[in-house]
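Read off the chains here:
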Amino acid sequence: MSEFLLWDAVDQRRAMLNGEIGVRELISAYIARIEAHDTTINAVVTRTFETALEQADAADKKRLRGEADGALFGLAVAHKDTLPTAGVRTTFGSPLFADSVPAIDHAIVARQKKAGAISLGKTNVPEFAAGSHTYNPVFGATHNPYDTSRSAGGSSGGAAAALASGFVSLADGTDMGGSLRNPASFCNVVGLRPTPGRVPNFPSAMPYNALSVAGPMGRSVQDVGLLLSAIAGEHPYDPLSFGSDSVSFTHLRARQCKGLRVAVSRTLGGLPFEAAVRKGLDDGVATLVDMGCVVDEAEPDLNGADDVFDVMRALSFATGYGPLRASNGDRMKESVRWNIDMGLALTGEQLSRAERERTRLLAAARSFWDTYEFLVAPVSQVLPFAVGEDYPRSIDGVQMENYISWMRSSSRITVLGLPAISLPCSFTDDGLPVGIQIIGRPRQEHALLSFALAFETARPTGRRRPF
């Protein structure tokens, strides 16, 4: 293997600009690695290798003329298979869209192109991105690179597995109930759920939906900052989007942590966790103490967050897929039909109560952030589970009601509208990754990334690769 395939993207970009490696050299090496190993992992499911090589040749010519530009110049990326890509099929993991070829790019796809990135294709997802385990009837399951009998998480599972396997420099994803954070934890990479509006989400069937966001994934915090710099910022067709000094995300410095007050929640409002996940959090907390942080056990009010999330998620499924359910429901997986039907059955009282509860939770959280700048918690409630299971049916003896109940540790944070990052933290004795979740104040991604960089520097678990 060419060792530069697992370099940080920031280092790959620097090496290409300095002429140490060529763009075609990088892209060709990634293609060869995908062809050698992705039969087992199943992460990059639609491939655009020929086009990528043509773009790499053009990029090398630009570099030789001194015209190389763009924050992502020459870097290999792949796009989540729920994000429209012009001229490249986007299946949503559904037989209904197995041959669908969009006419336009999603906003973050277009911004990566503009920044000089070269796409190798699309990464695998659950059907309609429903659930935090990546499998579908079009492409099958994505396997965890650290143990191919286990799940890679989801719904951005193909993206996380591709990064961990050294198939791409950077990857994108989306997150409603943990879909950037859970697979990052399962695959020992970094996934950032930004504040709603930080990264535009266009096109969208529900443009005022603050539950679902698009965001970056990488093998390091610096790489996540680099990709965020290219995709963040106001977009004319996303009413929630807002402007920012995106350049600052590429110039991260580790936060000085001595005396910094950090809250730690071990259960996020009384949730069950597997013992190995609890131990992983303990390892992370010990690192925070060694960094000089003042660590208190505290959490914002999360009472009622599950009901808010379930109602708002069901509404989004009914809005986005209700007509499709009516015409082709027999070709959808049961959990998708269930979520759509739940949304179609919502009453005005349920919706108004959910909005009132969300408003109360946001107000209660304000006083929490007056005391603490960061909240630290587990990412997922379980370790990567068997790839043949659709979802964990119980956690530490507690039965899960449905396919989204096992990810409350992420979805409760979603309801608060906060930026949250999943970082590599530790490994179990049998080699399974365990991540840690750091949650920041609203719109404070720069501060969150700087603190995450300090943690990553103190605890470089993310440097351990599967093969």
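Nothing here was measured: the structure is a model prediction, and the numbers come from that model.

**Observations concerning the overall build of the protein**
Now for step 1: Per the secondary structure count, the protein includes 13 helices and 17 strands.
Now for step 2: In terms of overall size, the protein behaves like a compact globule, its C-alpha atoms giving a radius of gyration of 21 Å where 467 residues would be expected to give roughly 23 Å.
Now for step 3: For the protein, the C-alpha atoms occupy an extent of roughly 60 × 60 × 45 Å along the three principal directions.
Now for step 4: Split into buried and exposed, the 467 residues of the protein put 62% on the buried side.
Now for step 5: Only carbon and sulfur atoms are counted for the fraction: they give 49% of the accessible area of the protein, which is about 16,900 Å².
Now for step 6: Here the protein contributes 46 positively and 51 negatively charged side chains, and the mean placements of these two sets differ by 3 Å.

**Description of the pairing of strand β16 (residues 420-427)**
Residues in a regular strand project their side chains so that they alternate between the two faces of the sheet.
Now for step 1: When you tally the buried positions in β16, you get 8 out of 8 residues, the bulk of the element.
Now for step 2: Summarising the sheet, strand β9 (residues 190-193) and β16 pair through 3 bridges and their orientation is antiparallel. Bridging across to β16, L192 finds its partner in I421.
Now for step 3: Of the pairings in the sheet, the one linking β16 to strand β17 (residues 433-440) comprises 7 bridges and is antiparallel in character. Within β17, the residue paired with A420 across the bridge is I439.
Now for step 4: Once β16 ends, the chain turns through 5 residues before running back antiparallel as β17, passing G431 with a positive phi of about 90°.

**Let's talk about unusual backbone geometry**
Apart from glycine, the bulk of residues carry a negative phi angle, and the bulk of peptide bonds sit in the trans form.
Now for step 1: Here the amide bond leading from G154 into S155 is cis, since omega sits at 10°, within 30 degrees of zero.
Now for step 2: Inspection of the secondary structure assignment puts S155 in the loop between β7 (147-151) and α5 (157-165).
Now for step 3: The phi angle at N188 is positive, at roughly 65°, despite the residue not being glycine.
Now for step 4: You can see N188 is positioned in the loop between α6 (181-187) and β9.
Now for step 5: Positive phi outside glycine occurs at L268, with the angle close to 50°.

**Quick notes on α5**
Now for step 1: The element α5 is largely enclosed, with a buried count of 9 among its 9 residues.
Now for step 2: Turning to α5, its buried residues number three or more, namely G157, G158, A159, A160, A161, A162, L163, A164 and S165.
Now for step 3: Two residues or fewer after α5 comes G166, characterised by a positive phi angle close to 75°.

**Focus on the sheet that holds β9**
Now for step 1: Strand order in the open sheet formed by 11 strands is β1-β3-β2-β8-β10-β9-β16-β17-β13-β11-β12, and the pairing between neighbours is mixed. Here the strands that pair on one side only, and so sit at the sheet edges, are β1 (44-47) and β12 (294-297). Going from strand to strand, the sheet's axes swing by 30° on average, the running direction of each strand aside.
Now for step 2: Note: strand β11 (residues 261-264) against β12, 4 bridges, orientation parallel. Within the sheet, the bridge partner assigned to R261 lies in β12 and is V294.

**What about the pattern of salt bridges?**
Now for step 1: The tally for this structure, following the rule as stated, stands at 30 salt bridges.
Now for step 2: Notably, a salt bridge pairs R14 with D11, separated by 2.6 Å at the nearest N-O pair. Here the residue R14 and the residue D11 both occupy positions in helix α1 (residues 9-17), the gap between them amounting to 3 residues, near one helical turn.
Now for step 3: The closest approach of N and O atoms between E355 and R358, which form a salt bridge, is 3.0 Å. Of this pair, E355 and R358 both sit in helix α11 (residues 348-371), 3 residues apart, roughly one helical turn.
Now for step 4: Three or more residues are tied together by salt bridges with common partners; here these are D306, D310, R408 and R412.

**Description of the side chain of N144**
Now for step 1: Residue position: N144 is located in strand β6 (residues 143-144).
Now for step 2: When sequence neighbours within four positions are dropped, the list of residues in contact with N144 reads R150, S151, A152, F186, C187 and P384.

**A short note on the packing of helix α4 (residues 107-114) against helix α7 (residues 221-231)**
In a packed pair of helices, the relevant descriptors are the angle between the two axes and the axis-to-axis distance.
Now for step 1: Following both chains from N to C, one finds α4 and α7 inclined at 105°, their axes separated by 8 Å at the closest point. As judged from the angle between their axes, α4 and α7 are roughly perpendicular. Residues I108, R111 and Q112 of α4 touch α7, and the partners they reach there are L227, A230 and I231.

**Here we look at the pairing of strand β3 (residues 118-123)**
Now for step 1: Most of β3 is tucked away, with 6 of its 6 residues classed as buried.
Now for step 2: Where β1 meets β3, 3 bridges bridge the pair, whose relative direction is antiparallel. Across the sheet, V44 pairs through a bridge with T123, a residue of β3.
Now for step 3: Bridge count for strand β2 (residues 76-80) against β3 is 4 bridges, and the pairing is parallel. Following the sheet pairing, H79 is matched in β3 by K122.
Now for step 4: In the classification by handedness, the crossover that spans β2, the intervening α4 and the parallel β3 is right-handed.

**Focus on the environment of V294**
Now for step 1: Looking at where V294 falls in the secondary structure, it is placed in strand β12.
Now for step 2: Note on V294: relative accessible area 37%, which makes it partly exposed.
Now for step 3: Between the alpha carbons of V294 and R261 there is a distance of 4.7 Å; along the sequence they are 33 residues apart.
Now for step 4: Apart from residues lying up to four places away in sequence, V294 is in contact with G259, L260, R261 and V262.

**Considerations on helix α2 (residues 23-41)**
Now for step 1: Between its first and last C-alpha atoms α2 spans 25 Å; for 19 residues at 1.5 Å apiece the expected length is 27 Å, and the two agree.
Now for step 2: Along α2, the sharpest kink reaches roughly 40°, centred on E35.
Now for step 3: Within the sequence span of α2, burial applies to V23, L26, I27, A29, Y30, I31, R33, I34, D38 and I41.

What counts and how
- Residues numbered from 1 in each chain as written.
- Predicted model: local features only at pLDDT ≥ 70, side-chain atom pairs only at ≥ 80, totals over all residues.
- Heavy atoms only, no water.
- Helix = DSSP H or I, 4+ residues; strand = E, 2+ residues; numbered from the N terminus.
- Rg over C-alpha atoms; globule rule 2.2 N^0.38 Å.
- Buried < 20%, exposed > 50% of the residue type's maximum accessible area, 1.4 Å probe, protein only.
- Areas by Shrake-Rupley, 256 points an atom, 1.4 Å probe, with all protein chains shown as cover.
- Lys, Arg positive; Asp, Glu negative; His and termini not counted.
- Charge placed at Lys NZ, Arg CZ, Asp CG, Glu CD.
- Pairing = 2+ DSSP bridges.
- Axes fitted to C-alpha atoms, helices over the stretch in contact; angles between N-to-C directions.
- Salt bridge = Lys/Arg side-chain N within 4 Å of Asp/Glu carboxyl O.
- Contact = heavy atoms within 4.5 Å.
- Parallel < 35°, antiparallel > 145°, perpendicular 65-115°, else oblique.
- Right-handed = clockwise from strand over helix to strand, strands pointing away.
- Expected span 1.5 Å × (residues − 1).
- Bend = angle between axes of the 7 residues up to and from the residue.

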